[in-house]
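Residue strings, one per chain:
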Amino acid sequence: MFFSRALLKRHSVLPGFDLALGFTLLYVALIVLVPLSAAFLKTFTMTWPAFRETVTAPRVVASYRLTFGASLAAALVNAVFGMVVAWVLVRYEFPFKRIVDALVDLPFALPTAVAGIALTSLYAANGWIGQHLARLGIKVAYTPLGVLVALTFIGLPFMVRTVQPVLEDLQRELEEAAATLGATRAQTFRRVILPILTPALLTGFALAFARALGEYGSVIFIAGNMPMISEITPLLIITKLEQYDYAGATAIAVVMLVAAFALLLAINLLQAWTRRRQGR
Amino acid sequence: MTTTRTFLRAVTALALAAAAGLAAAKDIALLNVSYDPTRELYRDYNAAFAKFWQSKTGDTVTVKQSHGGSGKQARSVIDGLEADVTTLALAHDIDEIAGRAKLIAPDWQKRLEHNSTPYSSTYVFLVRKGNPKGIKDWSDLAKPSISVITANPKTSGGARWGYLAAYGFALRQPGGNDATARGFVARLFANVPVLDSGARGSTVTFAERGIGDVLLAWENEAYLARKEFGADKFDIVYPPASILAEPPVAVVDKVVDKRGTRAVAQAYLEYLYGPEGQEIAARNFYRPTDPAVAARHAKTFPKLTLFTIDDTFGGWAKAQKTHFADGGVFDQIYTRK
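Residues numbered from 1 in each chain as written. Chains lettered and ligands numbered in written order. Predicted model: local features only at pLDDT ≥ 70, side-chain atom pairs only at ≥ 80, totals over all residues.

Looking only at helices and strands, chain A features 14 helices and zero strands. Starting at the N terminus and walking to the C terminus, you meet the elements of chain A as α-α-α-α-α-α-α-α-α-α-α-α-α-α. Out of the 280 residues belonging to chain A, those deemed buried represent 31%. Across chain A, the fraction of contacts at a sequence separation of at least 24, relative to all contacts at a separation of at least 6, is 79%. (Helix = DSSP H or I, 4+ residues; strand = E, 2+ residues; numbered from the N terminus. Buried ≥ 20, exposed ≤ 12 C-beta atoms within 10 Å, placed from the backbone. Contact = placed C-beta atoms within 7 Å.)

In structure tokens form, the structure reads like this:
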């Protein structure tokens with residue numbers, strides 16, 4: 001979407017459209033396309049039936065369900081609560097606000113294994129939070145719910161940091177105008193604020209979702225890794241590698257790549273559509 | 001004047017001698033690519049070997065260590081990590097280095113004594129203090145009320161030994177055959193609530209998260225866990241029979257020939273078989289192969305029936321293919337429900 005905006009702009013700050021475009025293509029090719037096409041090439045060493053059998057094995061299909069399902073759910077949770085966090089950070093003043101603001105970025109910086117171990121020790125049946133949940137009969141660590149918790153944790157900053165700048169630009173006068181015209185609070189939110197936030201929410205959602213799909217480090221500690229139940233797709237890729245099955249590993253990776261690309265493209269198209277509808 | 005000249009001459013002679021000395025004593029660096037639970041063993045052994053090598057040749061040798069899951073470590077070597085020696089959890093992983101990358105001669109396992117295994121180990125049970133569930137033998141692990149912790153045999157070399165020990169136990173029962181053994185490991189794995197990817201991970205799950213009644217562990221990991229988390233928390237239970245786990249060692253031929261380190265790499269592995277190497281292995285809870293050293297540590301290593309992978313499973317290549325390949329016996333436990 002940044003790309004299309006740059007194309008449409010007549011007076012670009014960067015010199016020379018050809019030069020800039022050439023550089024962009026080269027850069028994307030080197031950093032993204034070459035490593036990814038290596039995965040595709042490796043897959044071509046397999047025959048079609050072998051490929052199909054690998055990527056549709058019951059364990060692998062179960063892992064797609066968990067990885068895509070938990071990533072979507074985590075991104076949705078973050079869409080709601082990340083927006084609330086961003087709202088509070090922008091609109092209210094409270095003690096230690098700067099510190100809270102900085103804390104939001106921690107999941108970015110923390111090594112994912114550390115996050116995984118920390119979350120597991122919190123949510124295990126003998127952990128601080130886990131023991132109270134266990135009394136209610138809720139198990140988090142070593143279940144798919146644990147996967148959701150880990151993915152929500154790592155996705156939070158993506159949502160907050162994309163929504164925050166848009167909220168900062170949002171003029172309070174708009175809300176006041178809506179109120180003077182007789183709108184209820186719910187109406188103001190739904191018809192004035194939400195439309196403005198939607199593109200940023202979609203971007204944050206896409207980023208959090210994409211990050212969650214590829215997450216490995218934090219999840220394997222909390223998931224329990226039971227076949228058919230709590231195995232994520234990246235773990236199956238690693239398992240294939242442990243068995244020296246390079247082609248099988250890349251086959252699953254290719255399926256994930258294609259699915260992730262399709263989903264991200266859909267989100268980007270949706271975003272472009274909402275932008276157009278708002279006449280921006 | 002003469003005194004100054006003599007003094008100068010003496011200084012020059014000294015300087016020359018020092019330079020000659022420096023040129024003669026080389027600094028050698030070796031890389032030993034090993035698996036997860038050998039950290040403590042090789043930390044001790046590397047220091048001892050460096051001392052021995054210096055007194056023998058005058059050269060300083062620094063051995064760098066790399067640890068991780070055995071399969072992952074083998075893959076790093078295949079993909080180009082320049083290891084002078086590999087000391088891995090099972091022969092299959094070194095076979096892969098020999099077969100896939102042709103970095104090691106195919107007959108590597110015959111080059112050193114005892115199938116190139118300077119120390120052996122076995123798989124035992126770590127239980128909570130006082131053994132509240134009364135776990136004594138492999139058959140107890142398949143009972144419905146028992147929760148068993150082990151790593152995933154597909155990703156952990158150690159867990160493969162544990163799985164094969166359980167399978168071998170079932171085979172050796174009266175009337176035992178492949179069908180009964182499959183049923184037994186299926187019941188056992190139905191009792192496993194968490195499958196960590198490595199042996200250390202499952203130790204943490206059992207010891208720190210407090211999950212499970214029994215941990216299937218390398219004998220040395222079991223001792224280490226007791227040392228680390230406190231002997232008042234856990235007991236080690238020896239089943240009457242278990243598998244003889246042989247973590248083998250090999251010089252990586254292509255690498256040592258290229259780097260010119262064959263002599264020292266060879267000596268590094270051979271010294272493991274010597275009295276000092278064996279003593280260090282025993283102190284780190286690996287079973288020594290030297291009878292004299294073994295006799296000294298007889299108290300640490302209780303006697304139990306140990307069956308081998310070659311006799312029970314026809315070697316690693318066959319066991320790997322039947323049990324751990326995709327769609328193998330282990331996968332069937334989970335997909336045939």
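Let's pick the thread back up.
Moving on to the interface of chain B and chain A. If you look at the interface, chain B gives 20 residues, while chain A gives 20 residues. Mapped by element, the contributors of at least two residues to the side of chain B that touches chain A are helix H3 (70-78), helix H4 (91-100), strand E6 (195-196) and helix H17 (329-335) of chain B. For the side of chain B that touches chain A, the element with the highest residue contribution is H3 of chain B, accounting for three residues. Residues belonging to the side of chain B that touches chain A are distributed by class as follows: six nonpolar, six polar and eight charged. (Nonpolar A, V, L, I, M, F, W, Y, C, P; charged D, E, K, R; others polar.)

Bringing the domain arrangement of chain B into the picture now. Residues and elements named next belong to chain B. When cut into domains, chain B gives domain 1 (2-117 + 246-272) and domain 2 (121-244 + 304-335). Averaged C-alpha coordinates put domain 1 and domain 2 at centres separated by 33 Å. Each partner contributes residues to the interface: domain 1 has 14 residues there, and domain 2 has 17 residues. Sorting the residues of the side of domain 1 that touches domain 2 by element identifies H3 and H4 as the ones contributing at least two each. With four residues, H4 is the single largest residue contributor to the side of domain 1 that touches domain 2. Classifying every residue of the side of domain 1 that touches domain 2 by side-chain character gives six nonpolar, four polar and four charged. (Domains from an automatic or database assignment.)

Moving on, we come to the nonpolar core. One finds Val147 and Ile222 of chain A together with Val85, Leu126, Ala166 and Val252 of chain B to be the most contacted residues of the largest nonpolar core, which totals 146 residues. The element best represented in this core is helix H9 (residues 144-169) of chain A, accounting for 12 residues. Leave out the neighbours within four places in its chain, and Val147 of chain A touches Leu66, Ala70, Val219, Ile222, Ala223, Ser230 and Ile232 of chain A. (Core = buried A, V, L, I, M, F, W, Y, C linked by C-beta atoms within 7 Å.)

A few words now on the environment of Ala298 of chain B. Relative to the assigned elements, Ala298 of chain B resides in the loop between helix H14 (291-296) and strand E12 (305-307). On the neighbour-count criterion, Ala298 of chain B (9 C-beta atoms within 10 Å) is exposed.

Residues and elements named next belong to chain B. Taken in spatial order, the four strands of this open sheet run E2-E1-E3-E10, and their pairing is mixed. Sheet topology places strand E2 (60-66) and strand E10 (249-251) at the edges, where each strand pairs with a single neighbour. If you compare each strand with its neighbour and ignore which way they point, the axes differ by 20° on average. Both strand E1 (residues 27-34) and strand E3 (residues 85-87) contribute to a ladder of three bridges, which runs parallel. If you follow Asn32 over to E3, its bridge partner there is Val85. Its contacts with the sheet place H3 against E1, E2 and E3, and it is angled at close to 130° to E1. Sitting on the sheet, helix H12 (residues 262-271) is in contact with E1, E2, E3 and E10, with an inclination near 170° to E10. (Pairing = 2+ DSSP bridges. Axes fitted to C-alpha atoms, helices over the stretch in contact; angles between N-to-C directions.)

Here the focus is unusual backbone geometry. All names here are of chain B. Phi at His114 is positive, roughly 50°, even though this residue is not glycine. Residue Phe285 is not a glycine yet carries a positive backbone phi of 70°. Note on placement: Phe285 falls in the loop between helix H13 (275-283) and strand E11 (287-288). Looking at Phe285, the number of C-beta atoms within 10 Å reads 23, which means it is buried.

Residue and element names in this part refer to chain B. Two numbers describe how H4 lies on helix H16 (residues 316-324): the axes approach to 9 Å, and their chain directions differ by 100°. Regarding the angle of H4 to H16, the classification is roughly perpendicular. Residues Ala91, His92 and Asp95 of H4 pack against Trp316, Ala317 and Gln320 of H16. Taken together, the residues of the contact of H4 with H16 sort by class into three nonpolar, two polar and one charged. (Parallel < 35°, antiparallel > 145°, perpendicular 65-115°, else oblique.)

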